[in-house]
Amino acid sequence: MPASVRARRRLIGRAGDSEGSRALPEETPIAFTYGRDTYAVMMATPSDLEDFAIGFSLTEGIVAAPSEIAELEIVDLPNGRELRMTLAPGRDEALLARRRRIAGPAGCGLCGIESLEAATRPPPAVASALHIGSNEIFRAMALLRGEQTLNALTKGVHAAGFWLDGALVAVREDVGRHNALDKLAGALARTGRSASAGVVVLTSRVSIELVQKTAMIGCPVIVAVSVPTALALRTAEAANITLVAIARDDSFEVFTHPERIGVAAHVD
């Protein structure tokens, strides 16, 4: 079993009770520290933590590029893990000026934010000439299912993938949907791939923080298997992001900026 999975014995309650075991996703407190101060503590799957540290720093606007993280150390502690980062000169002062502390459970990416304005901050507008066809969306979602190795074991984690030039080039999983996206953002940044040329594909519903994070990495299209919230749609519209949701094997729904998708327009 990987470190992010644990097997537990359980009793199956059905006709002819029996015993067995089930693989469960692990959930660990992950602290993000910059300099000597803790910025956030997130409950997350303890894998791809370097990607997580870099991606979170990017999508939160703490850094603009991985090179602005001068040092990164992953420290094992008795009650969790700490991602200790030292920022490049100038970035640490900027962080002190906008300090906030959040504690985020697995299902929530905005818990603990100190103001309504911070929770609904307007994202940057995404500029991209990307255009994709329906078949690419169907193919991307089909491939994403096959790349969910943790979910295949546990049936209990989210995935975020990146579709680029006809291929799914990166996938990350986590118990938190926003954590999976942060890990994906970090993976892309570490390999030097520009998010402006591809599509973020998600196994979850689309809420505002996922749109905000996608905008922060400059990706123009989100495709998700579940529904968006109304606020997520308003945020995607303002950020010039094409939001495609309820993506199935034979259908999907385009809610914002449909000009990027090669499908005949039809509105119910």
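Residues numbered from 1 in each chain as written. Predicted model: local features only at pLDDT ≥ 70, side-chain atom pairs only at ≥ 80, totals over all residues. Heavy atoms only, no water.

Draft legend 1. Focus on the side chain of Thr 33. Locating Thr 33 in the fold gives a position in strand β3 (residues 28-34). You can call Thr 33 buried: its relative accessible area is 4%. There is a polar contact of 3.1 Å between the side chain of Thr 33 and the side chain of Glu 82. Contact partners of Thr 33, with chain neighbours within four places excluded, come to Thr 38, Tyr 39, Glu 82, Leu 83, Arg 84 and Met 85. (Helix = DSSP H or I, 4+ residues; strand = E, 2+ residues; numbered from the N terminus. Buried < 20%, exposed > 50% of the residue type's maximum accessible area, 1.4 Å probe, protein only. Polar contact = N/O pair within 3.5 Å; in protein donor to acceptor, adjacent residues only side chain to side chain. Contact = heavy atoms within 4.5 Å.)

Draft legend 2. Looking closely at the pairing of β3. The buried fraction of β3 amounts to six of the seven residues, a majority that puts the element mostly inside the structure. Of the strand pairs in this sheet, β3 and strand β4 (residues 37-44) are connected by seven bridges, and their pairing is antiparallel. Of the residues in β4, the one forming a bridge with Ala 31 is Val 41. Linking two consecutive strands that pair antiparallel, namely β3 and β4, is a turn of two residues; a positive phi of about 65 degrees is found at Gly 35 within it. (Pairing = 2+ DSSP bridges.)

Draft legend 3. Geometry of the layout of surface pockets. Quantified by volume, the second largest pocket comes out at close to 180 Å³. Considering the residues around the second largest pocket, the lining is formed by 13 residues, among which Leu 58, Ala 64, Ala 189, Met 216 and Ile 217 are closest to the centre. Among the elements that line the lining of the second largest pocket, the one with the most residues is helix α6 (residues 177-191), at three residues. Taken together, the residues of the lining of the second largest pocket sort by class into eleven nonpolar, one polar and one charged. (1 Å grid on protein atoms, 1.4 Å probe; cavity = no way out; pocket = protein on both sides within 12 Å on 5 of 7 lines; lining within 4 Å. Points joined across faces, edges and corners; volume = space filled by probe spheres on them. Nonpolar A, V, L, I, M, F, W, Y, C, P; charged D, E, K, R; others polar.)

Draft legend 4. Representation of the packing of aromatic side chains. If you walk through the whole model with that rule in mind, you get five aromatic pairs. Relative to Phe 56, the ring of Phe 32 has its centre 4.2 Å away and its plane inclined at 25 degrees; by these criteria the two rings are stacked. Highlighted residues: Phe 32 in strand β3 and Phe 56 in helix α1 (residues 49-59), separated in sequence by 24 residues. Assigned by exposure class, Phe 32 and Phe 56 land together as buried. Considering the side-chain rings of Tyr 39 and Phe 56, the 6.1 Å spacing of their centres and the 75 degrees angle between planes classify their relative orientation as edge-to-face. Residue Tyr 39 is found in strand β4, and its partner Phe 56 is found in helix α1; the two are separated by 17 residues along the sequence. Accessibility expressed as a relative area gives 1% for Phe 56, which makes it buried. One aromatic cluster is present, formed by Phe 32, Tyr 34, Tyr 39, Phe 52 and Phe 56 through successive ring pairs. In this structure, Lys 183 packs its charged tip against the face of Phe 52, placed 5.6 Å from the ring centre. (Phe/Tyr/Trp six-rings, centres within 6.5 Å; stacked < 30°, edge-to-face > 60°. Lys NZ or Arg CZ within 6 Å of the ring centre and 35° of its normal.)

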